Amino acid sequence: MLKGKKIVLGITGSIAAYKSCLLIRHLIKSGAEVQVVITPSGKEFITPLTLSTLTHKPVISEFFNQRDGMWHSHVDIGLWADAMLIAPATASTIGKMAHGIADNMLITTYLSMKAPVFIAPAMDLDMYAHTSTQDNLRLLQSRGTHIIEPGYGHLASDLEGKGRMEEPENIVLQLQEYFARRDGSMRGQRVMITAGPTYERIDPVRFIGNYSSGKMGISLAKACANEGSQVELILGPSSQPLPSSSLIKVTRVESAQEMYQAAMQIYPTCDAGIMCAAVADFKPADTTDHKIKREGTKAMTLNLVPTQDIAAAVGQIKTTSQKLCGFALETHDALEHAKDKLKRKNLDMIVMNSLQDPGAGFQVDTNKVTLITPDTITTLPLMQKNEVAKEIVRAMFKHP
Ligand code: CTP
């Protein structure tokens, strides 16, 4: 969502200015173009040479170019930008912004800015907590400035840990989310995703599970959030790092039964569902509260009963305005079985992968899938799961 976006990065005189390098790297990695505007005191903390090397653009600091006397037009920069981000933003800069004190190139640029403005405050806690700073922040917020702080967004009454600049990675994430919500092709849509394995409890220390990592489902959640949709991720026991996005709500579950209950409750509130979880098909008929002892047990048989077919149950309650996509992991006669599941579970699309394909399936970062709808069969090449996720979402929601 930051691809091709033009970002004016304002840097001011705070020790956190050293983090600007990382911030620029993250922005450029996300596809953004970065123009740095730095205050005179910002230059005391980080050199323009470092910054221009990273952005591949001369850094703007003065009203005139020192070398050839060329006028730096703050009005042109204001028109060029898709967003202005001031990080770190000192108490002094925040004050000047609030009161229109245009005594440097950064503030004049801010006053000419046509694009949304984001600031990441950075100062010590006393300065941050001062009524003057708080009033200025409130004033800026009431005018539509986005304030990026550790712990997400809004001004909290609890000042603990505040004043510290939010980590560059999270700053970029919040910019991405802003553009996803505003411009994403799936904005306003709610998507439910089931992901990961399920664990079916035998006793307090043992379970029946499977090798699913949850990677594919988490990639799908990110792909949907990147397009601005609100994601309800129902996640089984996965050790993958959770996506930190305000567009992704995670519900943790353990067993097929818990996943079933969550899905049946959440799906009616959604526009679409993607059933990516590797749900256990059977669970022990009985569980015990105590650990089953080895001593004295010569052989044992576990009595298993079927779990709920969550995809099929969701397919039953699906309305004509809702979409549903399932997965089919097959080892033989893949196409035939997958087509049968598409019909049987009332799905609009099924993503088939075969364990016979190297690089497909559990625990790996790649996948090779075939997308099957009632009328089409599309086989995709071996790709990273993130890319596969984008293709699935594109095919399902038919955006370019
Ligand atoms: N699925 C589900 N609940 C289950 C079993 C499967 O929601 N109890 C979903 C999976 O998330 C997937 C689809 O159904 O989207 C197909 O899963 P798969 O294991 O391939 O199919 P099964 O119906 O279990 O059929 P089989 O084990 O006979 O291949």
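Scroll up a little and you will see the structure.
Each value, and the rule that gives it
Residues numbered from 1 in each chain as written. Predicted model: local features only at pLDDT ≥ 70, side-chain atom pairs only at ≥ 80, totals over all residues. Heavy atoms only, no water. Pairing = 2+ DSSP bridges. Helix = DSSP H or I, 4+ residues; strand = E, 2+ residues; numbered from the N terminus. Axes fitted to C-alpha atoms, helices over the stretch in contact; angles between N-to-C directions. Contact = heavy atoms within 4.5 Å. Buried < 20%, exposed > 50% of the residue type's maximum accessible area, 1.4 Å probe, protein only. Parallel < 35°, antiparallel > 145°, perpendicular 65-115°, else oblique. Left-handed = near helix turned anticlockwise from the far one by under 90°. Nonpolar A, V, L, I, M, F, W, Y, C, P; charged D, E, K, R; others polar. Salt bridge = Lys/Arg side-chain N within 4 Å of Asp/Glu carboxyl O. Right-handed = clockwise from strand over helix to strand, strands pointing away. Patch = residues over 30% accessible without salt bridge, like charges linked within 9 Å, V, L, I, M, F, W, Y side chains within 5 Å. Areas by Shrake-Rupley, 256 points an atom, 1.4 Å probe, with all protein chains shown as cover. Core = buried A, V, L, I, M, F, W, Y, C linked by side-chain atoms within 4.5 Å. Near = heavy atom within 4 Å. Polar contact = N/O pair within 3.5 Å; in protein donor to acceptor, adjacent residues only side chain to side chain.

Chemist: Even after reading the chapter, I still don't get the sheet that holds strand E17 (residues 369-372), so can you show me in this structure?
Modeler: Strand pairing in a sheet relies on backbone hydrogen bonds. The paired strands run either parallel or antiparallel. Ordered by their spatial adjacency, eight strands build an open sheet running E10-E9-E6-E11-E14-E15-E17-E18, and the pairing between neighbours is mixed. The sheet is open, and its two edges are formed by strand E10 (248-252) and strand E18 (377-379), each paired on a single side. Neighbour-to-neighbour, the strand axes of the sheet open up by a mean angle of 15°, direction not taken into account. The strands that helix H9 (residues 215-226) touches are strand E6 (190-195), strand E9 (230-235), E10, strand E11 (272-275) and strand E14 (323-330); relative to E9, the one it contacts most, it runs at about 170°.

Chemist: Can you walk me through the pairing of E6 in this structure?
Modeler: Each regular strand displays side chains that alternate between the two surfaces of the sheet. Of all six residues making up E6, five are buried, and the element is well covered by its neighbours. By the bridge criterion, four bridges tie E6 to E11 in an arrangement that is parallel. Within the sheet, the bridge partner assigned to Val191 lies in E11 and is Ala272.

Chemist: How should I be thinking about the packing of helix H4 (residues 91-99) against helix H7 (residues 131-142) in this particular structure?
Modeler: Viewed as axis vectors pointing N to C, H4 and H7 meet at an angle of 50°, and their least axial separation amounts to 9 Å. The pairing of H4 with H7 is recorded here as oblique in orientation. Crossing hand, H4 versus H7: left-handed. Where H4 abuts H7, its residues Ala91, Ile94, Gly95, Met97, Ala98 and His99 lie against Thr133, Asn136, Leu137, Leu139 and Leu140. Its residues assigned to classes, the contact of H4 with H7 shows seven nonpolar, four polar and no charged.

Chemist: For this particular structure, what's the right way to read the environment of Ala277?
Modeler: Here Ala277 shows up in the loop between E11 and strand E12 (282-284). In this structure, the C-alpha to C-alpha distance between Ala277 and Met216, residues 61 residues apart in sequence, is 9.0 Å. Not counting chain neighbours up to four residues away, the residues in contact with Ala277 comprise Thr194, Ala195, Gly196 and Met259.

Chemist: So what exactly am I meant to see when it comes to the sheet that holds strand E3 (residues 83-89) here?
Modeler: The sheet built from five strands is open, its strands ordered E2-E1-E3-E4-E5 with parallel pairing. Two strands close off the open sheet at either side, each with one partner strand: strand E2 (33-38) and strand E5 (146-147). Note: strand E1 (residues 6-11) against E2, six bridges, orientation parallel. Following the sheet pairing, Gly10 is matched in E2 by Val37. Against the sheet, helix H1 (residues 20-29) contacts E1, E2 and E3, and its axis sits at roughly 155° relative to E3.

Chemist: Looking at this structure, how should I read the pattern of salt bridges?
Modeler: Any two side chains of opposite charge can pair if their charged atoms end up close together. Under the defined criterion, the tally for this structure stands at 18 salt bridges. Note that Lys318 is salt-bridged to Asp348, the shortest N-O span being 3.0 Å. With Lys318 in the loop between helix H11 (310-317) and E14 and Asp348 in the loop between helix H12 (334-344) and strand E15 (349-354), the pair connects residues that are 30 residues apart, well separated along the chain. For Asp348, a relative accessible area of 31% corresponds to the partly exposed category. The partner of Arg344 in a salt bridge is Asp340, and the shortest N-O contact between them spans 3.2 Å. Highlighted residues: Arg344 and Asp340, both in helix H12, separated by four residues, approximately one helical turn. Shared partners join several salt bridges into a network, and the residues in it are Lys5, Arg182 and Asp183.

Chemist: When you look at the pairing of E14 in this model, what are you seeing that I'm missing?
Modeler: Of all eight residues that make up E14, six are buried, and the element is covered over most of its length. On the question of chirality, the crossover connecting E14 to the parallel E15 by way of H12 is right-handed.

Chemist: How should a nonpolar patch on the surface be read in this particular structure?
Modeler: A cluster of nonpolar side chains, contributed by Tyr211, Leu329, Leu355 and Phe362, occupies part of the molecular surface with about 400 Å² of accessible area. In this structure, Phe362 sits in the loop between E15 and strand E16 (366-367). Judged by its relative accessible area of 31%, Phe362 falls in the partly exposed class.

Chemist: Quick question: what am I supposed to make of the nonpolar core here?
Modeler: A general tendency of soluble globular proteins is for nonpolar side chains to be buried together. If you look at the biggest cluster of nonpolar residues, it comprises 34 residues, and the most contacted ones within it are Ile193, Leu220, Leu233, Ile274 and Ile392. Mapped onto this core, the elements with two or more residues apiece are E6, H9, E9, E11, E14, E15, E17 and helix H13 (385-397). Ranked by residues supplied to this core, first place goes to H9 with seven residues. Not counting chain neighbours up to four residues away, the residues in contact with Leu233 comprise Ile193, Ala195, Gly217, Ile218, Ala221, Ile248, Lys249, Val250 and Thr251. The next biggest cluster of nonpolar side chains, apart from the first, holds 28 residues, and it includes Leu2, Leu9, Ala32 and Ala83.

Chemist: Looking at this structure, I do not really get the site of the ligand. What am I missing?
Modeler: Around the ligand, 15 residues are found, and the nearest of them are Met275, Ala277, Ala311, Lys341 and Lys345. A distance of 2.9 Å is found between a nitrogen atom of the ligand and a backbone nitrogen or oxygen belonging to Ile310. When the ligand sits alone it has 570 Å² of accessible area, and the protein chains cover 77% of it. Contributions of two or more residues to the shell around the ligand are made by H11 and E14.

Chemist: I tried to follow the packing of H9 against H13 on my own but got confused; where do I start?
Modeler: Packed helix pairs are specified by the crossing angle of their axes together with the interaxial distance, meaning the distance between the axes. Where H9 meets H13, the closest approach of the two axes is 8 Å, and the angle between their N-to-C directions is 55°. The angle between H9 and H13 places the two elements in the oblique class. Like other packed secondary-structure pairs, H9 and H13 cross with a definite hand, here right-handed. Two secondary-structure elements touch here, H9 through Lys215, Met216, Ser219, Leu220, Ala223 and Cys224 and H13 through Lys385, Asn386, Val388, Ala389, Lys390, Ile392 and Val393.

Distances and angles like these do not, on their own, reveal function.
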